[in-house]
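# Working through the structure, step by step
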Amino acid sequence: MTATDFDKLAKIYDAEKTSPWNDLYERPNSIELMGDVKGLTVLDAGCGGGKHCADLLAKGANVHGFDMSENMLAFAKEALGDRVSLKKANLAEPLPYQDTQFDRILCALALHYVEHWQTPLSEFYRLLKPGGEVVISTHHPFMDHELAGGENYFAHTLIEDSWDKPDGTLYVRYWRRPLTQMVEEIKVAGLQIDRIKEPMPLPETEAQFPNAYKKLTTQPRFIFLVLEKPN
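Here goes a summary of the coordinates provided. The structure presented is a predicted model; accordingly, all values stated were derived computationally and were not measured.

Here is what the cut-offs are and how they apply
- Residues numbered from 1 in each chain as written.
- Predicted model: local features only at pLDDT ≥ 70, side-chain atom pairs only at ≥ 80, totals over all residues.
- Heavy atoms only, no water.
- Helix = DSSP H or I, 4+ residues; strand = E, 2+ residues; numbered from the N terminus.
- Rg over C-alpha atoms; globule rule 2.2 N^0.38 Å.
- Buried < 20%, exposed > 50% of the residue type's maximum accessible area, 1.4 Å probe, protein only.
- Pairing = 2+ DSSP bridges.
- Axes fitted to C-alpha atoms, helices over the stretch in contact; angles between N-to-C directions.
- Contact = heavy atoms within 4.5 Å.

## Some remarks on the overall build of the protein
The helix and strand inventory of the protein stands at 9 helices and 9 strands. On C-alpha atoms alone, the protein measures out to a radius of gyration of 17 Å, which is about the 17 Å that the 2.2 N^0.38 rule sets for 231 residues. Reported as C-alpha extents along the three principal axes, the dimensions of the protein are approximately 40 × 40 × 35 Å. Out of the 231 residues belonging to the protein, those deemed buried represent 48%.

## A look at the sheet that holds strand β4 (residues 102–108)
Pairing within the open sheet is mixed, and its 7 strands lie in the order β3-β2-β1-β4-β5-β9-β8. Two strands bound the open sheet, and with one partner strand each, they are β3 (85–88) and β8 (192–197). Taken pair by pair, the neighbouring strands of this sheet meet at an average axis angle of 15°, ignoring direction. Examined bridge by bridge, β8 and strand β9 (residues 222–228) share 5 bridges and lie antiparallel to one another. What sits directly across from K197, in β9, is F224. Against the sheet, helix α4 (residues 70–80) makes contact with β2 (62–67) and β3, and its axis sits at roughly 170° relative to β3, the strand it touches most. Most of the contacts of helix α7 (residues 179–188) go to β9, to which it runs at about 20°, and overall it touches β5 (128–139), β8 and β9.

Structural data, given as structure tokens:
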């Protein structure tokens, strides 16, 4: 299977104006965990089409963002104009920002595409000011354990999945890791875990997307981590 086509994924995200998984579950919970960002300098790491950036702007943050997909960045630039400083960069490589440049970092649904977390987590540590925080949302290890066949929860496994969409099938590849491995990789990077959350979707999801609401309220879908760089 070829690697995930993030440019095609960008078109799907843009076409889905309201997604129960993203707009009514992941994004509002990530933004809430970011807390009061008014006047803070914030990085959206893997910013996609810019929806999280827009939410952070609305809360008064000075927002920077990057993504590895040209199409994702094009959608973000169209939506945000020059209100956000956007760059092309890859989470698996050193990032084009200065040491201690950011008060907070958001990395939403991007780290599971990276095989090894050492580089991105170490870069987050480098980029954060002392006392700064990073909010991560990623695939829940239990959900991906089932997708991987349920044989070995403790394995670090490449998952190949397919999503059927109106304009065709999108093939995606990402990595699952057990919670223990997540915690160890965070520790090695020098970051400290402040909170681990398995939140619920917004209440309006039940009326708009009843099937998705049932899944999101009975089965773990994503896991949310708030990490801190010690002073």
